[in-house]
Amino acid sequence: MLFKHLNYDLSRVLENDPAARNKFEVFLLYPCVHALIAYRISHFLYKYRVFLLARMISQLSRFFTGIEIHPGATIGKGLFIDHGMGVVIGETAEIGEDVVLYHGVTLGGTGKDTGKRHPTVKNNVLIGSGAKILGPIVIGEGAKIGANAVVLRDVPPNATAVGSPARNIIRTKSVI
């Protein structure tokens, strides 16, 4: 049950990384896969209130991979973290399916909120290197966040957010 998404996660790495050759190589050598396996174990323990062991596993994973995922976060299948060093995913963050994160991304809090403190990232979102998405905001389905953007407000579906602070660039479908 803990690893029901593993095959799908491995396939997503192969789809998104042209340097990946096969699932065996990805399984052995990709830190994002190791971090997700550790996350799924620690999240299982966290749900059953075995908090200390869950946090120990997540911290051990952080030490080996450079990817920090709180066991309380909720992550769907198909998350791909490319060059994941420095990625931080907070306790109340929610990540949908088929999301791509690049290195240095933070899904964090602002320090001002209680309860739900971290972002919700919907399906098929791409978040560029160094982006900081802070607070209990929603990144809509299919949105793209530019590198080094600082996002403090909701991003609508299929929009692109760039800058610091980020502003939304809404893309409309052209009619031919």
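- The name recorded for the protein chain in an unreviewed UniProt entry is Serine acetyltransferase, from Clostridium vincentii.
- For the protein chain, the Subcellular location (unreviewed entry) comment in UniProt is given as "Cytoplasm".
- For the record of the protein chain, the UniProt heading Pathway (unreviewed entry) holds the text "Amino-acid biosynthesis; L-cysteine biosynthesis; L-cysteine from L-serine: step 1/2."

### Some thoughts on the packing of aromatic side chains
- Tallied over the full model, the rule gives three aromatic pairs.
- Seen from their ring centres, Y46 and F51 are 4.9 Å apart, and the 65 degrees between their planes marks the pair as edge-to-face.
- Residue F51 is classed as partly exposed on the basis of its relative accessible area of 33%.
- Taking 5.1 Å as the distance between ring centres and 85 degrees as the angle between the ring planes, the aromatic pair formed by F63 and F64 counts as edge-to-face. An identical accessibility class is assigned to F63 and F64; each is exposed.

### A short note on empty space enclosed by the protein
- Here the structure, examined in full by the defined rule, presents three cavities of 30 Å³ or more.
- The calculated volume of the second largest cavity comes to roughly 40 Å³.
- Lining the second largest cavity are A35, A38, Y39, S58, S61, I67 and I69.
- Listed by contribution, the elements that provide at least two residues to the lining of the second largest cavity are α3 (31-47) and α4 (51-65).
- The element that contributes the greatest number of residues to the lining of the second largest cavity is α3, accounting for three residues.
- Of the residues assigned to the lining of the second largest cavity, the class counts are five nonpolar, two polar and no charged.

Basis of the calculations
Residues numbered from 1 in each chain as written. Predicted model: local features only at pLDDT ≥ 70, side-chain atom pairs only at ≥ 80, totals over all residues. Heavy atoms only, no water. UniProt positions renumbered as here; feature names shortened; annotations may be inferred. Phe/Tyr/Trp six-rings, centres within 6.5 Å; stacked < 30°, edge-to-face > 60°. Buried < 20%, exposed > 50% of the residue type's maximum accessible area, 1.4 Å probe, protein only. 1 Å grid on protein atoms, 1.4 Å probe; cavity = no way out; pocket = protein on both sides within 12 Å on 5 of 7 lines; lining within 4 Å. Points joined across faces, edges and corners; volume = space filled by probe spheres on them. Helix = DSSP H or I, 4+ residues; strand = E, 2+ residues; numbered from the N terminus. Nonpolar A, V, L, I, M, F, W, Y, C, P; charged D, E, K, R; others polar.

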